[in-house]
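# Tertiary structure, described
In case you want the letters, here they are:
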Amino acid sequence: MIVMTLRVVSVQRNIGVSIAWVAVLYTLPVFGFVAYILLGEPMIGRRYRERVDQASILMNDMARREHLIFDKGQDLLPATTAVLAK
């Protein structure tokens, strides 16, 4: 149980999920162990991680481009507001 508790705490990133799995492990030891092995262990493969990293790079690039366009639009905004105010 101690080894499984350490595994759950070290693998899970969300503290609420960790507490829930530890509660299940201590309440129903055999069922909890089998359930965690089948459902709780995050199995993220190397290809999945690579795809997530590529998507993150693309999203960051897109956000950087959109920010530059937004900045250009912001520079024009006060001029049009001044024209409308006259």
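Residues numbered from 1 in each chain as written. Predicted model: local features only at pLDDT ≥ 70, side-chain atom pairs only at ≥ 80, totals over all residues. Heavy atoms only, no water.

### Some details on the overall build of the protein
Formally: The way it works is that DSSP assigns letters per residue, a run of H or I at least four long becomes a helix, a run of E at least two long becomes a strand, and they are numbered from the N terminus. Think of it in three bands: with a 1.4 Å probe and only protein chains considered, a residue is buried below 20% of the maximum accessible area for its type, exposed above 50%, and partly exposed in between. The contact definition used throughout considers only heavy atoms, calling two residues in contact when any of these lie within 4.5 Å.
Secondary structure assignment for the protein yields 4 helices and 0 strands. For the protein, the N- to C-terminal ordering of α and β elements is α-α-α-α. Across the 86 residues in the protein, those meeting the buried criterion constitute 15%. Once local pairs closer than 6 in sequence are excluded, the contacts in the protein between residues at least 24 apart make up 46%.

### What about the nonpolar core?
Here is the rule: The term nonpolar core refers to a set of buried residues drawn from Ala, Val, Leu, Ile, Met, Phe, Trp, Tyr and Cys, joined through side-chain atoms within 4.5 Å.
Counting residues in hydrophobic clusters, the biggest one holds 7 residues: M4, V8, W21, V22, L25, A35 and Y36. Sorting elements by how many residues they give to this core places helix α2 (residues 15-27) first, with 3 residues.

### Description of a nonpolar patch on the surface
Convention followed: Each patch is built from salt-bridge-free residues with over 30% relative accessible area, joining like charges within 9 Å and nonpolar side chains (Val, Leu, Ile, Met, Phe, Trp, Tyr) within 5 Å. Surface exposure here means Shrake-Rupley accessible area, sampled with a 1.4 Å probe, where a residue is shielded only by the protein chains that are shown. Salt-bridge detection follows one rule: a side-chain nitrogen of Lys or Arg within 4 Å of a carboxyl oxygen of Asp or Glu.
Judged by side-chain polarity, V30, F33, V34, I37, L38 and L39 come together as a nonpolar surface patch covering roughly 630 Å² of accessible area. The class for L39 is exposed, based on a relative accessible area of 68%.

### Concerning the packing of α2 against helix α3 (residues 29-40)
How we decide: Lines fitted to the C-alpha atoms define the axes, with helices restricted to the stretch that makes contact. Angles between their N-to-C directions range from 0 to 180 degrees. When residues are grouped by polarity, Ala, Val, Leu, Ile, Met, Phe, Trp, Tyr, Cys and Pro land in nonpolar, Asp, Glu, Lys and Arg in charged, and all others, Gly among them, in polar.
Interhelical geometry of α2 versus α3 gives an angle of 145° and a closest axis separation of 6 Å. Residue-level inspection shows W21, V24, L25, Y26 and T27 of α2 in contact with α3, the latter providing P29, G32, F33, A35, Y36, L39 and G40. Tallied by class, residues from the contact of α2 with α3 come to 9 nonpolar, 3 polar and no charged.

### Observations concerning the side chain of T5
Quick reminder of the rule: Polar contact criterion, stated in full: a pair of N or O atoms within 3.5 Å, where within protein one must be able to donate a hydrogen and the other to accept it, and residues adjacent in sequence count only if both atoms are side-chain atoms.
Within the secondary structure layout, T5 lies in helix α1 (residues 2-11). Polar side-chain contacts of T5 include one of 2.7 Å to the backbone oxygen of M1. Contact partners of T5, with chain neighbours within four places excluded, come to V22 and Y26.

### Quick notes on the confidence of the model for the protein
Applied cut-off: Every residue gets a pLDDT, meaning the predictor's confidence in that residue, from 0 to 100.
When pLDDT is averaged along the protein, the result is 75; 70% of the residues meet or exceed 70. Per-residue pLDDT, averaged within each element of the protein, yields its smallest value for helix α4 (residues 46-85) (67) and its largest for α2 (90). Residue range residues 80-85 is modelled with pLDDT below 50. Its contacts to residues more than four positions away, or to other chains, number 0 contacts.

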